[in-house]
Amino acid sequence: MSNPTWWAHETAVIDDGVEIGPRTKIWHFVHLLGQTRVGADCSLGQNVMVGPKVTVGNGCKIQNNVALYEGVTLEDDVFCGPSCVFTNVLTPRAFVSRKNEFGKTLVRRGATIGANATIVCGAPDGATELGEYCFIAAGAVVTKDVPAYALMAGVPAKRIGWVSKAGEVLGADLTCPREGDRYVLEDGRLRPA
């Protein structure tokens with residue numbers, strides 16, 4: 001299955017009302033539910049489920065076995081590691097319908113979510129927000145907002161350092177060892193100098 005601008009494996013299921021950007025690749029057994037938008041230059045790995053009503057920005061990489069439920073929004077250039085988890089209900093019960101109580105999660109530009117990490121949604125009237133270029137370690141459980149450029153690890157996740165836009169751990173000089181970019185810490189928040 002494909003069209004002139006994007007490609008999908010023949011086992012993918014793409015429901016009506018889905019928008020897919022150019023050069024996006026959709027791999028084996030992916031299911032895109034209605035009213036979902038996937039941007040340009042994305043890669044959706046095997047067994048990914050997105051939607052309904054989910055927005056995935058441009059340049060996102062969603063690895064195998066990830067489900068993005070209603071209430072999740074990924075901005076551009078987000079990386080979702082294999083089998084990471086997003087919730088959209090805080091107090092689920094199999095026998096209680098909570099569809100009008102879905103919580104939200106907003107993942108800002110350039111964030112990385114490691115393999116098997118869990119992102120717990122916000123309350124129905126709010127959202128959990130992962131700041132731009134933050135880095136969630138593999139296996140971490142995020143239960144609250146994450147600042148931009150924060151390195152988060154553990155259960156529950158705590159900030160254990162800062163990372164650069166390139167994803168490198170910053171030392172005391174707050175200079176990216178890969179790119180040489182400098183950062184400034186003000187009021188507990190990191191920003192480019």
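These lines cover the structure that appears in this document, whether it is placed above or below. (Residues numbered from 1 in each chain as written. Predicted model: local features only at pLDDT ≥ 70, side-chain atom pairs only at ≥ 80, totals over all residues. Heavy atoms only, no water.)

**What to know about the sheet that holds strand β7 (residues 43–44)**
The strand order across the open sheet built from nine strands is β1-β4-β7-β10-β13-β16-β19-β21-β22, with neighbouring strands paired in mixed fashion. Each edge of the open sheet is held by one strand with a lone partner, namely β1 (7–8) and β22 (158–162). (Pairing = 2+ DSSP bridges. Helix = DSSP H or I, 4+ residues; strand = E, 2+ residues; numbered from the N terminus.)

**What about the sheet that holds strand β12 (residues 72–74)?**
Backbone-to-backbone hydrogen bonds pair the strands of a sheet. The strands run either parallel or antiparallel. Strand order in this open sheet of six strands is β3-β6-β9-β12-β15-β18, and the pairing throughout is parallel. This sheet does not close on itself; its edge strands, each paired only once, are β3 (19–20) and β18 (127–130). Here strand β15 (residues 104–107) runs beside β18; their pairing, made up of four bridges, is parallel. For lysine 104, the partnering residue across the bridge sits in β18 and is alanine 127.

**Describing the pairing of strand β23 (residues 183–186)**
Relative to strand β24 (residues 189–192), β23 is paired through four bridges, and the arrangement is antiparallel. Bridged to valine 184 within β24 is arginine 191. Turn length for the β23-β24 hairpin, with the two strands adjacent in sequence and antiparallel, is two residues, and the turn residue aspartate 187 shows positive phi of about 55 degrees.

**Structural notes on the pairing of β22**
Two faces belong to every sheet, and in a regular strand the side chains alternate between them. Looking at chain direction, strand β21 (residues 150–153) and β22 are connected through four bridges and run antiparallel. Note that in β22 the partner of methionine 152 across the bridge is arginine 159. Counting the residues between successive antiparallel strands, the hairpin from β21 to β22 contains four residues, one of them, glycine 154, with a positive phi of roughly 100 degrees.

**Points about the side chain of asparagine 88**
Relative to the elements of secondary structure, asparagine 88 occurs in the loop between β14 (85–86) and β15. Of the polar contacts made by the side chain of asparagine 88, one reaches the backbone oxygen of glutamate 70; its length is 3.0 Å. (Polar contact = N/O pair within 3.5 Å; in protein donor to acceptor, adjacent residues only side chain to side chain.)

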